[in-house]
Amino acid sequence: MPTNTAAWLTEPRADLVVGPADMPEPGPEELLVRVRAIAVNPLDEVKQWTGDLMYRWLPYPAILGEDVAGEVVSVGPSVSRFAPGDRVVAYAVGMERDRRHRAEGGFQHYVVVRADLAAPIPDRLSFEEVVVLPLAVSTAATALFQSDHLALPHPTGSPSAVGTRGTVVVWGGSTSVGSNAIQLAAASGHRVATTASPRNHERMRALGADVVADYRDPSAVSQLGSALREDRVVGILAVGTGSARPAVALAAATGATRVALASPAVSFGDLPRRGGPSLRAARTMMRLGASTSLTQLRARRHGIDARFVWGSTLMTNEVGRMLWEDYLPTALADGRHVCAPEAEVVGEGLESIQPALDRLRAGVSARKLVVRL
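Residues numbered from 1 in each chain as written. Predicted model: local features only at pLDDT ≥ 70, side-chain atom pairs only at ≥ 80, totals over all residues. Heavy atoms only, no water.

This brings us to the side chain of T142. Looking at where T142 falls in the secondary structure, it is placed in helix 3 (residues 134-145). Among the residues examined, T142 registers a relative accessible area of 0% and is labelled buried. Here S138 takes part through its backbone oxygen, which lies 2.9 Å from a polar atom of the side chain of T142. Once residues within four sequence positions are removed from consideration, T142 is found in contact with H149, V309, W310, G311, T313, L314 and V319. (Helix = DSSP H or I, 4+ residues; strand = E, 2+ residues; numbered from the N terminus. Buried < 20%, exposed > 50% of the residue type's maximum accessible area, 1.4 Å probe, protein only. Polar contact = N/O pair within 3.5 Å; in protein donor to acceptor, adjacent residues only side chain to side chain. Contact = heavy atoms within 4.5 Å.)

Structure, rendered in structure tokens:
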């Protein structure tokens, strides 16, 4: 019988420790997957660095990790889409409320995933290429298609002519969420405008963006406003620290009434990696509260509904099924959806996850850090 090993977060703010883990068993509509590649996300790094600021419900020792790809080992009752031996990419939701936190955490050799949050991997794609998708594409789909966010019509196998359903703005297109949102919005028949640094403009156009502006340019909001003055802007997705303010300003300029906020107003990078009160922590939280409140006041003044996105909520509604069962399997198979941003393999083995998180904290642009298992 195989044995399982995990990268454990043993206590708040500790480095990950590799050690034995129980072998999880899949329940109804679940899969047991032998993980071959994982990707690290800012949520993992923020949870580790800030302790219980986020995911307060997660017990220690904890297994973090959302992005996994590997082979199905066994399936639980009621599973019909997958069989042992299938190559799959999946969104592991062990960090979420009311889940089996350790069985479903991604940073281990054997993980349980929901069958409705998994998709088959085409032969032409490697585990390392496709593992960049799960959390990012799920967050993008939640923001674009859920009724409480932008509520766009779903993409189909034969989407309407691009632009016939209006224009969507993705502020922060070179991010993981942004790169997937551009593709999903275009697949649902929308014209897409986005922002990115100049070195990434052509990549944004290759993903489906029609209009690209430099987010660092002080005139970016007015540039996009001018470029879209004849368009019907149906919604704006704001990705990246500080993106809420320009997104709301652009919504006011273009007449958009919905803004989906995928990132906090300030960075948590200044928070000290220790418990207890500190001046830096107090200042960060004050800036977070003030900036968020000001953005909401501006939004309400212009009749804009601006809401924060939590990517895992799609597993409770029709958006999850649309994305993971209807859209991704065929879109990946025929190349309509590109695995973006590009994967950068930074190590092998569970021991390489901590260095990957450290590098992510130092700053990564237009790439996704991947560890091969």
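That was the structure; now back to the text.
Our next topic: unusual backbone geometry. Y60 connects to P61 through a cis peptide bond whose omega is -5 degrees. Residue placement: P61 occurs in the loop between helix 1 (42-50) and strand 4 (67-75). The omega angle of the peptide bond from A340 to P341 is 0 degrees, so this bond is cis rather than trans. Take P341: it is sitting in the loop between helix 9 (318-333) and strand 14 (342-348).

Glancing now at helix 1. Residues separated by three or four positions in an α-helix point in the same direction, a consequence of the helix having 3.6 residues per turn. Most of helix 1 sits out of view: 7 of its 9 residues are buried. Residues of helix 1 that are buried include every one of D44, E45, V46, K47, Q48, W49 and T50, and no others. One or two residues past the end of helix 1 sits G51, with phi positive at roughly 70 degrees.

Right, let's get into the environment of Q354. Turning to its location among the elements, Q354 is positioned in helix 10 (residues 353-362). Apart from the residues within four sequence positions on either side, Q354 is in contact with D15, L16 and Q48. At 2.9 Å, the side chain of Q354 and the side chain of D358 are in polar contact.

Where helix 1 contacts helix 10, the two axes come as close as 10 Å, and the packing angle between them is 95 degrees. On the basis of the axis angle, helix 1 is roughly perpendicular to helix 10. Listed contacts from helix 10 to P42, D44, E45, Q48 and W49 of helix 1 are Q354, L357, L360 and R361. (Axes fitted to C-alpha atoms, helices over the stretch in contact; angles between N-to-C directions. Parallel < 35°, antiparallel > 145°, perpendicular 65-115°, else oblique.)

Each strand in a sheet pairs with another by means of backbone hydrogen bonds, the pair being arranged parallel or else antiparallel. Judged by pairing direction, the sheet is parallel, and its 6 strands sit side by side in the order 10-9-8-11-12-13 without closing on themselves. Whereas interior strands pair on both sides, the edge strands pair on one side only; in this sheet they are strand 10 (211-213) and strand 13 (305-308). This sheet shows a mean twist of 15 degrees between the axes of neighbouring strands, independent of strand direction. (Pairing = 2+ DSSP bridges.)

A separate point is the pattern of salt bridges. Counted by the stated rule, this structure contains 18 salt bridges. In this structure, K47 and D52 form a salt bridge, with 3.0 Å as the shortest nitrogen-oxygen distance. With a relative accessible area of 0%, K47 lands in the buried category. The exposure class of D52 is partly exposed, given its relative accessible area of 30%. Between R191 and D231 there is a salt bridge whose closest N-O contact spans 2.4 Å. With R191 in strand 9 (residues 191-195) and D231 in the loop between helix 6 (220-227) and strand 11 (233-238), the pair connects residues that are 40 residues apart, well separated along the chain. Taking the relative accessible area as the measure of exposure, R191 reaches 25% and is therefore partly exposed. Ionic contacts of the salt-bridge type, sharing partners, join the residues E30, R99, R100 and E104 into one network. (Salt bridge = Lys/Arg side-chain N within 4 Å of Asp/Glu carboxyl O.)

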